[in-house]
Structure formats: structure tokens, C-alpha cells
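Residue-level structural notes
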Amino acid sequence: MSERRVSRLLPIQLATLRYRGRRDPQTALRMRLRELAASRVRFGYRRLTVMLRREGWRVNAKRIYRLYTEDGLAVRTKVRKKITRRMRVPLVKATRPNEKWSMDFVATRLLDGRWFRVLTVVDQFTRECLLLLADSSLTGQKVALALSQVVAERGAPVSITVDNGSEFVSKAMEAWAYQYRVDLDFIRPGRPVENGYIESFNGRLRDECLNVQVFFALADVREKLEHWRQDYNRVRPHSALNDRAPYAFAAQWIARSTAAAGTAGPPLASGAVQCTPAVDPKPQLFGPPSADAKGGTEKLLNEDPASSLLEVVT
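These lines cover the structure that appears in this document, whether it is placed above or below. Note that the structure is a prediction, hence the values are computed from the model and not measured. (Residues numbered from 1 in each chain as written. Predicted model: local features only at pLDDT ≥ 70, side-chain atom pairs only at ≥ 80, totals over all residues. Heavy atoms only, no water.)

1. Topic: the overall build of the protein
Each helix and strand in the protein was counted, giving ten helices and five strands. Partitioning the contacts of the protein with sequence separation of at least 6, the portion at a separation of at least 24 is 64%. Summed over its atoms, the accessible surface of the protein is roughly 19,600 Å², and 54% of this surface lies on carbon and sulfur atoms. (Helix = DSSP H or I, 4+ residues; strand = E, 2+ residues; numbered from the N terminus. Contact = heavy atoms within 4.5 Å. Areas by Shrake-Rupley, 256 points an atom, 1.4 Å probe, with all protein chains shown as cover.)

Put into C-alpha cells, the structure is as follows:
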């Protein structure tokens, strides 16, 4: 159910507004604002202003706020209790994409009351949502195999910030981190603010997707989560990225760094080979995802997790 008080217009009234909108820009703007508010039920007036500007409307936030309040489109929010201020631990910010990830779980129910969990993974620098894996049970082996698929597509990060859940401290995750040379940065128990990126993302996921959708089965959950993830990465404006979508911000950053690298120093001579430091070979505990596992999370979950592990000869 939508939490906005969007007026229900009869077809004749809607046609009248559309006719007036052809001659009156104010009416056309109000109609488009109502349509966006009805489709983006948890967007405030600032994000709606960004969406309208993308479509070519020459408006500012004050004008949209006036129409926003006149039409009764305000989003209902819970009043937070005032608590004593505490010293917060400053987060070490990432300086490039794919340097620091954050990972956590979100739990909710299907229509029939059954619980399911969602593994969420985000990039701290670009704010991209890298993975939304839904299942009734998520063990350390399933988490490791899902991360292997993400690493095969975009490479391994330097570190992943996680809490002290049993899935993240398991032997399977320890073996995965050892194989891919990834540091698992555990936060202090009872300090979720130290993993603020994923906590903020989980709040957006629950507010804009989990609380406004009805899920009938796990297949329906995975389809809707993937659709929301693509919309979050490609369309949804992010205030921390100057109202740009994460994909647009990442593409712009890569273009700038590539241009800066081209003028930073002289190019390599013809025939020269750039050497990389040698590393000691390590036993492959988690093999890369097979070609059959690239079809999505459903194929990944249907596989036997133990079949993807290779024996380590001591």
C-alpha cells in the first residue's frame, strides 16, 4: 500500500488535467509530479526535483516543495527519540572503486509468513549495490560462493567490512578470504555505526523495496530485488554523489582517472613488459564460478556448495 495521499482522479478529470496541461505548464508540472510521487512512493521532494530536472523541467526545490505540500504528497516518517550524544568512530573512507566493500544481512517475510534473508553487498566508494542474494537459509559456504561470482565479474576488493555474525566468522569465509587475499574487517560487537555504509543501504532497501512490495515466493523475491538493484544503480539519485546514480558516478570517475593516468608519465616503450610482483601459490579452496553459475543467483543456490570446494592436500 502506498503511504502517500495521492488523489484518485476519475478518467474524465485526468483527461481534463491533461488538456489543461497542454496550455498551462503549471498544471502539466503538477501532473508529472503526482505521477512520479505515485511511482516513487518513498522519494521526498528533493529527489523528485532531481528526477524532474533529468526530464528537462526547469524547476528548483522550493517550487517543488510548494506543490509537494499543497497536494499532500509528504512521506510519513517516524519521529526519532532524542538520545544522549556519543562520540562516533570515524570511518576510514575508500579512495577508489573496488577498494572497500560492506556486507550484511536483512530479514523479512513472504506473504505466507515464511522468513527469508537477503545478503547485501555494496561498494563504499561508488555506493553501487553489488549483490542482493535472497534465500531461506544463507550459510557461510553460500556467501562465499556468491562473493566468488561477484569477484569473477569485477575483481577482488582490498577489504570487506562485516559484523561478527556466524556466517562471516565461519571457516568457509576464512578460506575464501585467504584464497582471494581479502581482509575481513570486523567491527566491534554492538557498534553498527562502524559499518555505516551498509546500514544506510539496508535502510533504503527496506524502506523503498521490502516494505512496499508483496513477495509470494523466493523466485518472486529474487526477480523484484534484481529489478530494484538495477534501478538503484542506474536511475536513483544519490545525495552523497551530487545527485548522480552510482553507475554514472563510477563511469565518470574511471574516465577522469584514465585521462589523468595518460598524462601522468611517459608511456612504456614498445616491447616493454610491465612486471608484477611474484606471489606464492595458494591452494584453491573456492574455485571460480562455472559457466552454468553465471545465469543468476537461482542457479548458484541450486548447486551443491560442497561440490565447489576442492580438497586441500596437506
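2. Some thoughts on the pairing of strand 2 (residues 115-123)
Every other side chain in a regular strand lies on the same face of the sheet, so the side chains alternate between the two faces. Of all nine residues in strand 2, seven are buried; the element is thus mostly enclosed. Between strand 1 (residues 100-109) and strand 2, which pair antiparallel one after the other, the connecting turn spans five residues, and G113 there sits at a positive phi close to 100 degrees. With six bridges connecting them, strand 2 and strand 3 (residues 129-135) associate as antiparallel partners. Its bridge partner lying in strand 3, V122 is registered against C129. (Buried < 20%, exposed > 50% of the residue type's maximum accessible area, 1.4 Å probe, protein only. Pairing = 2+ DSSP bridges.)

3. Overview of the packing of aromatic side chains
Evaluated as defined, the whole model comprises ten aromatic pairs. Note on F201 and Y232: the rings are 5.2 Å apart at their centroids and 80 degrees apart in plane angle, and the pair reads as edge-to-face. With a gap of 31 residues between them, F201 in helix 7 (residues 196-210) and Y232 in helix 8 (residues 218-234) connect regions that are remote in the sequence. You'll find F201 and Y232 in the same group, each marked buried. Ring pairs connect the aromatic residues Y45, Y65 and Y68, which therefore count as one cluster. Across from the ring centre of F105, 4.1 Å away, lies the NZ or CZ of R117, which sits over that ring. (Phe/Tyr/Trp six-rings, centres within 6.5 Å; stacked < 30°, edge-to-face > 60°. Lys NZ or Arg CZ within 6 Å of the ring centre and 35° of its normal.)

4. Observations regarding the environment of Y68
Note that Y68 resides in helix 4 (residues 61-70). For Y68 and L48, which are 20 residues apart along the polypeptide, the C-alpha to C-alpha distance reads 9.4 Å.

5. Points about helix 4
Buried within helix 4 are the following residues: I64, L67 and Y68. On an axial view of helix 4, the arc spanned by its buried residues comes to 105 degrees, and they lie on one face. Where helix 4 is buried, its residues contact helix 2 (25-39) and helix 3 (45-54). Positioned one or two residues after helix 4, G72 has a phi angle of 65 degrees, which is positive. (Arc of directions from axis to C-beta.)

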